[in-house]
Protein chains: 2
Amino acid sequence: MDLRRLRYFVAVAEARSVGKAAERLRMAQPPLSVQIRKLEAEVGAPLFRRGTRGMDLTEAGQALLVRASEALALAADGIEAARAVASGRRGRLSVGYMFVLANAMLPRLIPELRRSVPGVDLDFAELSASTREARVLDRSVTVALCMPAINHPEIQVARIGAQRLMLAMPTSSPLARLSSVPMARLHGRPLIALPHPDHGPASSAVVPLLRRHQVVMPIASRVETVHSAMSLVLAGEGFAILPACAQLGAPRGIVFRPLRDATDSLDIAVCWRRDAQSPLIRTFLKCAERVVAGL
Amino acid sequence: MDLRRLRYFVAVAEARSVGKAAERLRMAQPPLSVQIRKLEAEVGAPLFRRGTRGMDLTEAGQALLVRASEALALAADGIEAARAVASGRRGRLSVGYMFVLANAMLPRLIPELRRSVPGVDLDFAELSASTREARVLDRSVTVALCMPAINHPEIQVARIGAQRLMLAMPTSSPLARLSSVPMARLHGRPLIALPHPDHGPASSAVVPLLRRHQVVMPIASRVETVHSAMSLVLAGEGFAILPACAQLGAPRGIVFRPLRDATDSLDIAVCWRRDAQSPLIRTFLKCAERVVAGL
DNA sequence: GCCAACCCATACGTTTTTGGTATGCCAATG
DNA sequence: CATTGGCATACCAAAAACGTATGGGTTGGC
């Protein structure tokens with residue numbers, strides 16, 4: 001059973017005439033007549049009553065007509081839907097994000113996305129440092145907002161901004177009275193350390209920073225997430241060196257201060273599978289860049 | 001866009017491999033590969049990700065898959081529905097009946113039909129003597145249960161039975177005491193006359209019957225329907241000569257008696273358009289015959 | 001009552017499309 | 001490094017569809 005036959009059939013049924021339908025289909029009348037008869041042979045029953053003034057559907061023809069029209073529309077819709085998905089006008093976008101970026105970015109990113117790609121189903125998921133790479137690779141998220149970027153040959157990275165590192169401490173700390181904290185004042189103070197997912201147990205940016213300034217901070221605790229770090233800071237367990245945007249998720253009782261004479265920063269990056277390159281991802285990237293630009 | 005392409009596409013998507021799908025479709029792998037690429041060209045975007053271990057749908061491919069499967073199913077269902085209608089397993093049957101037959105036949109005919117053609121939408125309409133022919137011709141009823149048959153070149157008739165003519169009179173009439181009424185006793189009594197739809201104003205069977213027995217009955221009233229006739233009989237306006245089955249619709253106060261030495265009867269017939277010949281009508285005919293046989 | 005017009009069906013040659021076979025290319029695997 | 005598994009390409013043969021020419025039946029006008 002061929003879709004063209006059904007298309008012809010619908011045309012003839014609507015025109016109630018082979019000749020008229022042939023004209024509308026821009027083809028000759030005889031081949032159309034032949035196709036209709038082939039369809040009837042396939043069904044095994046007449047679909048039209050041939051009158052002297054054209055053709056008229058039989059009951060069997062009417063039964064076929066409704067379904068054939070629907071099938072035609074569905075097939076056309078399928079092609080169109082595939083195009084829309086390929087072009088990024090429709091589809092599904094699963095956005096992974098790391099907690100540090102959530103408070104700074106999501107409130108502006110989500111409306112921006114809904115505006116930019118209104119036909120797309122959006123879905124958001126927090127990523128942990130340890131699983132984010134796997135979530136991108138197995139496509140359970142389409143794109144990931146990361147800090148810092150994922151480093152993997154199959155994953156493509158676009159750096160869309162950076163956040164200065166700041167010192168996080170309890171409001172009660174004596175250092176909190178300074179508007180910015182000299183690196184030297186950190187020497188000897190306890191550090192709440194975050195692992196870096198790629199390069200071992202300590203944050204990739206913090207370790208070189210301390211080394212460069214010849215500051216030694218004993219590691220008071222190792223934690224997995226930024227909010228664990230902030231909890232421990234609030235509890236007075238030590239100091240954390242965190243990207244500026246973490247302030248927005250910080251509980252009362254914690255203050256952030258810039259580090260004097262240290263401009264080190266962590267990259268904000270969008271990461272996705274290299275083979276999933278698509279217009280939708282490009283659009284997402286644009287949105288994320290706009291949001292970061294407004295921070 | 002061709003339905004075969006969509007079928008191929010679905011097969012490849014389900015098999016997640018061109019080779020496997022080709023096997024299932026009993027064709028060689030290369031032409032299938034070509035068809036898939038043609039479909040992708042038509043859509044304007046890749047539908048599969050080619051990996052080293054087979055093919056995998058892209059998001060656009062997934063969007064197409066759901067609709068393509070549905071379209072396929074609908075097309076197949078359409079063909080099947082047309083066959084079902086043509087074979088009489090499904091469809092619509094509009095049954096017209098004349099009032100005289102309603103009480104005798106419908107209570108047994110309707111369940112019989114529902115059992116015989118469970119997939120068919122049944123619909124019943126009472127026919128008047130004056131419009132029944134037009135209702136068959138314009139297809140507003142598919143078949144008509146008539147008494148007597150319609151006489152028209154475009155209408156086919158199947159006689160399925162007959163009903164003896166009987167005398168209908170008020171219970172109070174002196175003739176009601178007889179178990180059967182000799183024709184001669186009718187002479188001079190008032191007649192409630194029914195028109196015959198084809199042959200003028202008087203019932204085609206009653207006029208010859210009276211003439212043959214040389215009985216003259218003055219016409220007290222002319223009525224259009226059997227129940228009008230019975231109303232007038234009940235009112236004492238006169239006698240009616242009606243088919244036996246009319247008894248079942250008769251109100252209290254009317255009795256029917258056979259006519260002694262007169263076996264005249266009226267035909268029960270099924271009538272339908274000659275060009276609407278169908279298995280469904282044949283099935284209907286069988287049912288109607290069975291019902292009449294059990295009267 | 002015959003002829004013209006209309007419409008669908010059939011026949012046949014041409015073109016387009018599709019399927020098969022042979023083969024190439026690439027990546028993963030042992 | 002060779003082998004295997006899987007998709008893509010090339011080329012040829014077969015099938016299907018389209019167009020032109022034509023037949024046949026019915027309607028409607030003169």
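Computed from a predicted structure; not experimentally measured.

### Overview of the pattern of salt bridges
At step 1: Throughout the structure, instances matching the rule amount to 30 salt bridges over all chains.
At step 2: Note that Asp2(B) is salt-bridged to Arg4(B), the shortest N-O span being 2.8 Å.
At step 3: Using a relative accessible area of 14% as the deciding quantity, one classes Asp2(B) as buried.
At step 4: Judged by relative accessible area, Arg4(B) falls into the partly exposed class, the value being 41%.
At step 5: Notably, a salt bridge pairs Asp267(B) with Arg159(B), separated by 2.9 Å at the nearest N-O pair. Note that Asp267(B) is positioned in strand β12 (residues 265–273) and Arg159(B) in strand β6 (residues 155–170), a separation of 108 residues in sequence.
At step 6: Here Asp267(B) falls in the partly exposed class, since its relative accessible area comes to 31%.
At step 7: Note on Arg159(B): relative accessible area 52%, which makes it exposed.
At step 8: Counted as one network, the salt bridges with shared partners bring together Arg92(A), Asp121(A) and Asp123(A).

### Observations concerning the protein's contact with DNA strand C
At step 1: The environment of DNA strand C is formed by 22 residues, the closest being Pro30(A), Ser33(A), Arg37(A), Arg50(A) and Tyr8(B).
At step 2: If you look at DNA strand C and keep only atoms within 4 Å of the protein, 71% of those are sugar or phosphate atoms.
At step 3: Here a phosphate oxygen of DNA strand C sits 3.3 Å away from a polar atom, N or O, in the side chain of Arg5(B).
At step 4: At the level of elements, α2 (18–24), α3 (29–43) and β2 (54–57) of chain A together with α1 (3–15) and α3 (29–43) of chain B are the ones that each hand at least two residues to the surface near DNA strand C.

### Quick word on the domain arrangement of chain A
All names here are of chain A.
At step 1: The assigned domain composition of chain A is domain 1 (3–87), domain 2 (90–160 + 267–293) and domain 3 (162–263).
At step 2: Inter-centroid distance (C-alpha atoms) of domain 2 to domain 3 is 26 Å.
At step 3: Across the boundary between the two partners, domain 2 contributes 17 residues, which contact 15 residues of domain 3.
At step 4: Summed over both partners, the interface of domain 2 with domain 3 comes to about 1,200 Å²; 67% of that surface belongs to carbon and sulfur atoms.
At step 5: Across the domain 2-domain 3 interface, the total number found is zero salt bridges.
At step 6: Counting across the domain 2 and domain 3 interface gives zero residue pairs in polar contact (both at pLDDT 80 or more).
At step 7: Of all the secondary structure elements, the ones that give two or more residues to the side of domain 2 that touches domain 3 are α5 (99–116), α6 (132–137) and β12 (265–273).
At step 8: In terms of residue count, α5 provides more of the side of domain 2 that touches domain 3 than any other element does, five residues in total.
At step 9: Grouping the amino acids of the side of domain 2 that touches domain 3 by side-chain chemistry returns ten nonpolar, two polar and five charged.

### With respect to the relation of the copies chain A and chain B
At step 1: The operation relating chain A to chain B is a screw motion whose rotation component is 179°, with 0.0 Å of axial translation and a residual RMSD of 0.4 Å. What the rotation and shift describe, once combined, is the action of a two-fold rotation axis.
At step 2: Mapped onto chain B, 100% of the interface residues of chain A are again interface residues, and the two copies thus contact each other with one and the same surface.

### Observations regarding the environment of Leu191(B)
At step 1: As for its placement among the helices and strands, Leu191(B) is situated in strand β8 (residues 191–193).
At step 2: For Leu191(B) and His227(B), which are 36 residues apart along the polypeptide, the C-alpha to C-alpha distance reads 15 Å.

Each value, and the rule that gives it
Here the residue numbers are simple positions, counted from 1 along each chain's written sequence. Starting at A for chains and at 1 for ligands, labels are handed out in the order in which the entities are written. Two thresholds apply to this predicted model, a pLDDT of at least 70 for residue-level local features and 80 or more for giving and counting side-chain atom pairs, whereas whole-chain, interface and lining totals are computed over all residues. The side-chain numbers reported here are obtained from all heavy atoms of the structure, hydrogens and water having been left aside. What counts as a salt bridge is simple: a side-chain nitrogen of Lys or Arg found within 4 Å of a carboxyl oxygen of Asp or Glu. Working definition: with a 1.4 Å probe on protein chains only, accessible area under 20% of the residue-type maximum means buried, over 50% means exposed, and in between means partly exposed. Elements are defined by DSSP. Helices are runs of H or I of four residues or more, strands are runs of E of two residues or more, and each kind is numbered from the N terminus. Any residue with a heavy atom positioned within 4 Å of a molecule or strand is treated as near that molecule or strand. Counted as a polar contact is a pair of N or O atoms within 3.5 Å, where, for protein atoms, one must be capable of donating a hydrogen and the other of accepting one, and residues adjacent in sequence contribute only when both atoms are in side chains. Source of the domain bounds: an automatic or database domain assignment. In this description, contact between two residues means that some pair of their heavy atoms is separated by no more than 4.5 Å. The term buried area denotes the loss of accessible surface (1.4 Å probe radius) that occurs when two parts are joined, taken as the sum for both partners. Classification used: nonpolar for Ala, Val, Leu, Ile, Met, Phe, Trp, Tyr, Cys and Pro, charged for Asp, Glu, Lys and Arg, polar for all others including Gly. Alignment of the copies relies on least squares applied to C-alpha atoms, considering only residues that score at least 70 for pLDDT in both.

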